[in-house]
Amino acid sequence: MKELVLVTGGAGFIGGHLVDALIARGYRVRVLDNLSPATHDGKLPKWFNKKAQFQKGDVRLKKDWEKALKGVSYIFHIAGYMDYRPDFSTYITTNTMSTALMYEVILEKKLLVKKILLASSQSVYGEGKYKCPTHGEQYSAPRDPERLKKKDWDVYCKCGKRMTPIAELEGDELFPINPYGVSKRGLEEIALTLGREYSIPTVAFRYAIVHGARQSFRNFYSGALRSFVVQALAGIPMSIHEDGNQMRDFVHIDDVVSAHMKALESSKADYNIFNIGSGRRDTVLDLAHAVAKETRSKSKPGITGMYRTYTSRNSIMDVSKLKKIGWKPRRTLTDNVRDYVAWVGKYPEALAHLRRIQKDLAKNRVVR
Ligand SMILES: NC(=O)c1ccc[n+]([C@@H]2O[C@H](COP(=O)([O-])OP(=O)(O)OC[C@H]3O[C@@H](n4cnc5c(N)ncnc54)[C@H](O)[C@@H]3O)[C@@H](O)[C@H]2O)c1
């Protein structure tokens, strides 16, 4: 058996797939997870790998890190808080403070950790870079709420011309537009700074929107694929925010897992930040059409004309840096949709969760 790997958040969607991949490669795995109610129903999910050790605990608590880190050679810090709720400090304590705590315990206990991989997010970029036909490339500020109220969804230069999005690069300046993005930027900065200072190889990944089986339908944040599939299976219109032409990067969980395995086993990845995306530019409407086709549903994309606050118009990633260490994305948008449909179709209660979440989003004026 190979060495012991700690996976925080290993009872969740991405962490759970990483646990399986590590065990399949011969690693021993320990999971630290608090089974947060945003994702879980109080129990370990049925699919949790029986070969992994499970420690119920919280990444915000030093004593839980002290116990979880014993004998560990590698760490995947995947647990995270992603939501739209106004409990701003929870983003910072769960995503940023937990990261500092992890390095603190490693240093205090003089632990021999060989590498740390962390889950960051595309949200660190905010609205990102655009190109104006007259004034060229520039970073965009968040969109003007007055324009959004008038259902004018595009991104404009100061000269008034409409701009086109540019795929985000790891070296871009970061302008997160929500507390979640701020907390992930903090996670990256603290991890890379401490990793370099104390020579603990550290790698942070900025995930695009990750799709695949096991993605919780309880989560407030889990996005368009979940709603479209659940609505299509129920034969009701798929509710599309804005006009559906916003571009997104939808990456399959298998491509996310293979990026982690590549970085785990290659020293070329050390002390770097990488985007993990699909390498494609899909619109939200493309996703809705793919869902309609895969579910053979009569439900049509329904443009609501509403919008989600704290959200960028376009989010697309450049993945060439990760390709340089030998990774490439292999899965298609159809694969993403097919795998989620096959999984969520087994959970008829998903529709009730979606309705509850939609009410919550409207009540909190996150969708308006
Ligand atoms: N899913 C995506 O599209 C996406 C995109 C960008 C970044 N991410 C990041 O990837 C990571 C995993 O996301 P996911 O989609 O698998 O979510 P998930 O909710 O399925 O999994 C997260 C896991 O972390 C656990 N957790 C939460 N708070 C914790 C705490 N305080 N202590 C211990 N465990 C805790 C939860 O119980 C859950 O099992 C997160 O850090 C998230 O911010 C996800």
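All residue numbers here refer to positions counted from 1 along the written sequence of the relevant chain. The model is predicted, so local features are restricted to residues of pLDDT at least 70 and side-chain atom pairs to those at 80 or more, both for listing and for counting; the totals for chains, interfaces and linings are taken over all residues. Side-chain measures were taken over the full set of non-hydrogen atoms in the model, leaving aside hydrogen atoms and water.

1. Some details on the sheet that holds strand β8 (residues 164-165)
Stated precisely, the cut-off is as follows: Here a strand pair is declared whenever DSSP counts at least two bridges between the two strands. The helix and strand labels rest on DSSP assignments: H or I over at least four residues marks a helix, E over at least two residues marks a strand, and numbering proceeds from the N terminus.
Taking strand neighbours across the sheet as the criterion, the three strands line up as β7-β6-β8 in an open arrangement whose pairing is antiparallel. Sheet topology places β7 (136-139) and β8 at the edges, where each strand pairs with a single neighbour. Note: strand β6 (residues 129-132) against β7, four bridges, orientation antiparallel. Directly across from Tyr 130, in β7, lies its bridge partner Gln 138.

2. Let's talk about the site of the ligand
The line we're drawing: The cutoff for a nearby residue is simple: one of its non-hydrogen atoms must lie within 4 Å of the molecule or strand. Definition of a polar contact: a pair of N or O atoms within 3.5 Å, with one able to donate and the other able to accept a hydrogen when the atoms are protein atoms, and with sequence-neighbouring residues admitted only if both atoms are side-chain atoms. For every accessible area listed, the method is Shrake-Rupley and the probe measures 1.4 Å; residues are considered covered only by the protein chains on display.
Taken together, 30 residues lie near the ligand, and Ile 14, Asp 33, Thr 39, His 40 and Tyr 180 sit nearest. Contacts to the ligand include Asp 33, whose side-chain N or O atom sits 2.6 Å from an oxygen atom. Here a nitrogen atom of the ligand and a backbone polar atom of Asn 34 are 3.1 Å apart. Coverage of the ligand by the protein chains reaches 95% of its 830 Å² of free accessible surface. Elements represented by at least two residues in the shell around the ligand include exactly α1 (13-24), β5 (115-121), α5 (179-197) and β10 (209-211).

3. Section: the domain arrangement of the chain
Put simply, the rule reads: In this document the domain limits rely on a domain assignment from an automatic tool or a database. In this analysis, two residues are considered to be in contact whenever any of their non-hydrogen atoms come within 4.5 Å of each other. Note on terms: buried area is the combined drop in 1.4 Å-probe accessible area of two parts once they are placed together, counting the loss on both. Salt bridge criterion: a side-chain nitrogen from Lys or Arg within 4 Å of a carboxyl oxygen from Asp or Glu.
Looking at the chain, the domain boundaries give domain 1 (4-128 + 166-363) and domain 2 (129-165). The centre of domain 1, based on its C-alpha atoms, is set 28 Å off from the matching centre of domain 2. Taken together, the 20 residues of domain 1 in the interface contact 19 residues of domain 2. A combined buried area of about 1600 Å² lies between domain 1 and domain 2, and 58% of that area is made up of carbon and sulfur atoms. At the junction of domain 1 with domain 2, the criterion picks out four salt bridges.

4. Description of the side chain of Ser 140
Quick reminder of the rule: Three exposure classes are used, based on accessible area relative to the maximum for each residue type with a 1.4 Å probe and protein chains only: buried under 20%, partly exposed in between, and exposed over 50%.
Structurally, Ser 140 can be placed in the loop between β7 and α4 (145-149). On the basis of relative accessible area, Ser 140 is assigned to the buried category, the value being 12%. Aside from chain neighbours lying at most four places away, what touches Ser 140 is Glu 127, Gly 128, Tyr 130 and Val 155.

5. Brief notes about the pairing of strand β4 (residues 74-77)
Where we set the bar: Handedness of a crossover: with both strands directed away from the viewer, a clockwise path from the first strand across the helix to the second marks it as right-handed.
Residues Tyr 74 and Phe 76 line one face of β4 and the alternating positions Ile 75 and His 77 line the opposite face, and both faces are buried. Where strand β1 (residues 4-8) and β4 come together, four bridges link them in parallel fashion. Bridging across to β4, Thr 8 finds its partner in His 77. In this fold, the crossover linking β4 to β5 by way of helix α3 (residues 88-108) has right-handed handedness.

6. Observations concerning the pattern of salt bridges
On inspection of all chains with the given rule, the structure shows 26 salt bridges. Between Asp 20 and Arg 214 there is a salt bridge, with its nearest N and O atoms 2.9 Å apart. Of this pair, Asp 20 sits in helix α1 while Arg 214 is found in the loop between β10 and α6 (224-234), placing the two residues 194 residues apart along the sequence. When its relative accessible area of 23% is taken as the criterion, Asp 20 is described as partly exposed. On the basis of relative accessibility, which here comes to 15%, the residue Arg 214 falls in the buried class. Asp 270 is paired through a salt bridge with Lys 115; the nearest N and O atoms lie 2.7 Å apart. One end of the pair, Asp 270, is in the loop between α7 (253-265) and β14 (272-276); the other, Lys 115, is in strand β5, with 155 residues separating them in the sequence. Accessibility expressed as a relative area gives 16% for Asp 270, which makes it buried. Under the relative-accessibility criterion, Lys 115 is labelled buried at 4%. Through salt bridges with shared partners, one network takes in Glu 127, Arg 143, Asp 154, Arg 162, Glu 242, Asp 243 and Arg 313.

7. Observations regarding the layout of surface pockets
Keep this limit in mind: Whether a set of points on the 1 Å grid over the protein atoms alone is a cavity depends on a 1.4 Å probe fitting there but being unable to get out, while an open set qualifies as a pocket with protein on both sides within 12 Å along at least five of seven lines; lining residues are those with an atom within 4 Å of a point. Grid points are joined across faces, edges and corners, and a volume is the space filled by probe spheres set on the points.
Approximately 340 Å³ is the volume found for the second largest pocket. Forming the walls of the second largest pocket are 18 residues, and the residues nearest its centre are Asp 41, Pro 45, Lys 46, Trp 47 and Arg 218.

8. Re the state of the cysteines
Test applied: Cysteine sulfur atoms that pair up within 2.5 Å are treated as a disulfide.
Throughout the structure, instances matching the rule amount to zero disulfides. No disulfide involves Cys 132; its sulfur sits 3.6 Å from the nearest other cysteine sulfur, which is in Cys 157. Of the residues examined, Cys 132 reaches a relative accessible area of 1% and is grouped as buried.

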